[in-house]
Amino acid sequence: MADEDNKRKKKRKSGKKKSSSRRSNTEEESAGLVMTGDGEAEYVPDGDGGALVVVDQEPFNGEDMSPAPVPEPEAMAAEVGGDEEEGQQNGFTEDGLAVAMAVDAGAEDDYVYAAIEYDPDAKPPLHRNRRFRVYTCLAIVLVVAAVAVTVIYVTKGAKGVDEQFTDINVNTLPTFEPTPSPLSDREQSGIIEQIEAGVLQRGAVFANMTVDDPRKMALEWILHYDQLQLNSDDVNLYQRYILALLAFSLDSLAWYYCGNHRMVNANETVDFVQEDCDVLSSTGLLESHKVWLSSAEECDWYGVKCSANDGVLRGLELMGNDLIGEIPPEISQLRFLQYIAFNGNCLYGTLPPEMGSMPNLLSLELQGNGMSGAIPEELNNADKLQLLNGALQYQYPYQCAASDGRIVNTIFSKGNPENGYNWGFMGDTVGDNVNKWKSMKGLHLFDNSITGTLSPALGDLKYLVFLRVHNNAIQGLIPNEIVKLDKLRELYLYQNGIFGDFPPDIGLMEDLQDLRVHENEMWGYLPDTFWKLTKMKKLWLQDTLECEQDEADEWKCMRSRDKGFQGSISPEIGNWKKLSQLLLNNNPFTGVLPAELGLCKELSRLHVHQTFITGVVPPEICLLRDEELFDHTGQVGVFYADCRPNNMTEDPFISCDCCSDCCDHTHGVCVSDD
């Protein structure tokens, strides 16, 4: 340290002496200018206390610039020359000009920054080198270009351009939470916020979803893999997202038609590349369609029906296509959807109550699946609904193979035998709120576990044509208000717990063509107005049940020929010209078969066995065996009567020369006579 300090002191002293010796008595030199050969050196104090050297020379033809050498202090003193003249005081003449002064070698002057000795071998600062500046600018341009190309590539990759989705198998879970990846431009474009605000239901947000949530998977497809790359303000963003959600929710890879977008080869599996599919039409010809989740417009996907003028989704027809899973509540946000046909698939779970808010829904067909739970009351708010078919959910066996190898069977809850049997739709669906369906024409809810009673509100459904609620657990009487349904053609109430007789004014239902109430606990006489139903084609009153509670308070029911409908068949039945099926067996009917029944030329099935009808079958009826009352299908049993000896030894209840099958009234044994 002492040596360094001594060196600094020596440098300060040397600098001071050199600075003083360079002062001249000329005006130029007093301003700090020194002429040296062909150039001029100027010393200008800089802001840091040092001195800059500027040299004016001829061009150097590309060689590094070097300032002109500075004369040694002794030479400069010789040029000034002369002794000190009298009259000079303090280094200035009388004219105020500065002159050179002798320097005391022992004087200890302060450090003078402007007098630092110049090193003639030193090169100029690097930033003043012209070649360096040119090369530096060139390098900066290249770096900027490389960065720009990288940004463009990453952005295009984020948009899904020419990018393929591949399966990634994750075998282990990370120990810690991964660091969130940076958001892409697509993720910051407002699409996520739009879908969360306009589509997602029940307060769901994407941030809380797992990666295998169908809603999250549909979002990822919209953002990164959909080649259409919709923006947040595209009018079809919602419907395209919801259709993608249906594809992921209902396992489109397992669909029978047009759901497999995946291409599998020896080395890899690539998603979202299949575009076209062929479907065998009802005419036996192949029809071309677009695969779901392909790059085509969603209106061109198989089973998607849009209006031609505006591309708005109006219908979904995916019946018999092996759809597997639960219907997501977000389907309710297809505000202009008019009909849904998902029948004949492997759907399970409950019906989303949000579907009651679909303002334009006209038809909902879900029959032949494995759905369960109560039909939500909110569905009654879909007041434009004209067709509701939720039949065949209970004990309906159908199997689908899922894309992950599972076998889904609709007879079990959620398709899994471990969950036990599926009981189908439940609840009081035909209760007092049923009249909200003021446009209803077809209500099909058979083969379920619906409870409650038939509400008098059913009579308010003035457009109702089909009411099929058989094979449920409905109890009680047929309400009198049902006779107001003058457009009703089909009334299926069989295999329930309905008891009592028919409303006395049933004859007002003048369009009734098909009435089936068998296997209930109904009884009583047929009202006189009953025979006014002249459009009747099929009347099924057979197999009335007699039910009793056992010691364990369980109901036990059995067929009984002693309980049920009674009375005789009116000759007015001859006015039922379209009658094709008359099934009256296992009821205590009495009287004889009227000859007017022979006027029913379309009669093809007549069952009057296990009744108390007696007498001789009129020849007019036997002549029907030459019309339609014969076996069309290779099966016997078109005309049953108690024409076998009763109790094997007594006279038969009825004499018949044309019956296909004769039965023993007491033992119930029937033998074909054809």
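Residues numbered from 1 in each chain as written. Predicted model: local features only at pLDDT ≥ 70, side-chain atom pairs only at ≥ 80, totals over all residues. Heavy atoms only, no water.

**Quick notes on unusual backbone geometry**
At step 1: Here phenylalanine 272, not a glycine, exhibits a phi torsion of approximately 60°, which is positive.
At step 2: Within the secondary structure, phenylalanine 272 sits in the loop between strand E6 (269-271) and strand E7 (276-280).
At step 3: The phi dihedral of aspartate 322 is positive, around 60°, even though this residue is not glycine. (Helix = DSSP H or I, 4+ residues; strand = E, 2+ residues; numbered from the N terminus.)

**Structural notes on the packing of helix H6 (residues 214-225) against helix H7 (residues 237-249)**
At step 1: Closest axis-to-axis distance for the H6/H7 pair is 8 Å, and the angle between their directions is 130°. One finds that H6 runs oblique with respect to H7. Our pair here, H6 against H7, has a crossing hand that is right-handed. On the side of H6, the interface is formed by Pro214, Arg215, Met217, Ala218, Leu219, Trp221 and Ile222, while H7 contributes Leu237, Arg240, Tyr241, Ala244, Leu245, Phe248 and Ser249.
At step 2: Of the residues belonging to the contact of H6 with H7, the class tally is 11 nonpolar, one polar and two charged. (Axes fitted to C-alpha atoms, helices over the stretch in contact; angles between N-to-C directions. Parallel < 35°, antiparallel > 145°, perpendicular 65-115°, else oblique. Left-handed = near helix turned anticlockwise from the far one by under 90°. Contact = heavy atoms within 4.5 Å. Nonpolar A, V, L, I, M, F, W, Y, C, P; charged D, E, K, R; others polar.)

**Details of the pairing of strand E31 (residues 545-549)**
In the case of a regular strand, side chains alternate between the two sheet surfaces.
At step 1: As judged from the five bridges shared by E31 and strand E32 (residues 555-559), these two strands associate in the antiparallel manner. If you follow glutamate 548 over to E32, its bridge partner there is lysine 556.
At step 2: In sequence, E31 turns back onto E32 through a hairpin of five residues, with aspartate 553 there showing a positive phi of about 60°. (Pairing = 2+ DSSP bridges.)

**Section: helix H5 (residues 191-198)**
At step 1: Among all positions in H5, only Ile191, Ile192, Ile195 and Gly198 are buried. On an axial view of H5, the arc spanned by its buried residues comes to 160°, and they lie on one face. (Buried < 20%, exposed > 50% of the residue type's maximum accessible area, 1.4 Å probe, protein only. Arc of directions from axis to C-beta.)

**Notes on the packing of aromatic side chains**
How two aromatic rings sit relative to each other is given by the distance of their centres and the angle of their planes.
At step 1: Tallied over the entire structure, the rule returns 17 aromatic pairs.
At step 2: Ring centres of phenylalanine 412 and tyrosine 421 lie 5.4 Å apart, and the angle between their planes is 25°; on these two criteria the pair is classed as stacked.
At step 3: An aromatic cluster is present here, built from Phe502, Phe530, Trp531, Phe565 and Trp576 joined pairwise through their rings.
At step 4: Here the guanidinium or amino end of arginine 516 rests over the ring plane of tryptophan 540, the centre of that ring lying 4.0 Å away. (Phe/Tyr/Trp six-rings, centres within 6.5 Å; stacked < 30°, edge-to-face > 60°. Lys NZ or Arg CZ within 6 Å of the ring centre and 35° of its normal.)

**Overview of the state of the cysteines**
At step 1: Counted according to the given criterion, the structure contains eight disulfides.
At step 2: Shown here is the disulfide that connects cysteine 656 with cysteine 659, its sulfur atoms set 2.1 Å apart. Across the disulfide from cysteine 656 to cysteine 659, rotation about the S-S bond amounts to roughly 110°, and the bridge is consequently right-handed. We note that cysteine 656, like cysteine 659, is buried. (Disulfide = S-S within 2.5 Å.)

**Side note on the confidence of the model for the protein**
At step 1: Summarising the model, the protein shows a mean pLDDT of 81, and 74% of its residues fall at 70 or more.
At step 2: Ignoring residues within four places in sequence, the model shows residues 4-124, a span with pLDDT below 50, making 96 contacts including any to other chains.
At step 3: Confidence drops under a pLDDT of 50 for residues 158-179, and excluding neighbours within four residues, the segment shows 26 contacts in the predicted structure. (pLDDT = per-residue confidence, 0-100.)

**Notes on the pattern of salt bridges**
At step 1: According to the stated counting rule, one finds 16 salt bridges in the structure shown.
At step 2: Here aspartate 213 and arginine 215 are joined by a salt bridge, their closest N and O atoms 2.8 Å apart.
At step 3: Exposure remark for aspartate 213: the relative accessible area of 14% places this residue in the buried category.
At step 4: A relative accessible area of 22% means that arginine 215 is categorised as partly exposed.
At step 5: Ionic pairing is found between arginine 559 and aspartate 543, a salt bridge with its closest N-O pair at 3.9 Å. Taken as a pair, arginine 559 in strand E32 and aspartate 543 in the loop between strand E30 (538-540) and E31 lie far apart in primary sequence, 16 residues in all.
At step 6: Assessed through its relative accessible area of 54%, arginine 559 is described here as exposed. (Salt bridge = Lys/Arg side-chain N within 4 Å of Asp/Glu carboxyl O.)

**Describing the side chain of serine 307**
At step 1: Mapping serine 307 onto the fold places it in the loop between strand E9 (304-306) and strand E10 (313-317).
At step 2: With sequence-adjacent residues up to four places away left out, serine 307 is seen in contact with Val312 and Arg314.

**Notes on the side chain of aspartate 661**
At step 1: Position of aspartate 661 among the secondary structure elements: in strand E39 (residues 661-663).
At step 2: Among buried Asp, Glu, Lys and Arg side chains, aspartate 661 stands out as unpaired, with arginine 625 the closest opposite charge at 7.4 Å.
At step 3: A distance of 3.0 Å separates a polar atom in the side chain of aspartate 661 from a polar atom in the side chain of serine 660. (Lys, Arg positive; Asp, Glu negative; His and termini not counted. Polar contact = N/O pair within 3.5 Å; in protein donor to acceptor, adjacent residues only side chain to side chain.)

**Quick look at a nonpolar patch on the surface**
At step 1: A cluster of nonpolar residues, Tyr421, Trp423 and Met426, forms a patch on the protein surface that exposes about 380 Å² of accessible area.
At step 2: Relative to the helices and strands, methionine 426 resides in strand E20 (residues 425-427). (Patch = residues over 30% accessible without salt bridge, like charges linked within 9 Å, V, L, I, M, F, W, Y side chains within 5 Å. Areas by Shrake-Rupley, 256 points an atom, 1.4 Å probe, with all protein chains shown as cover.)

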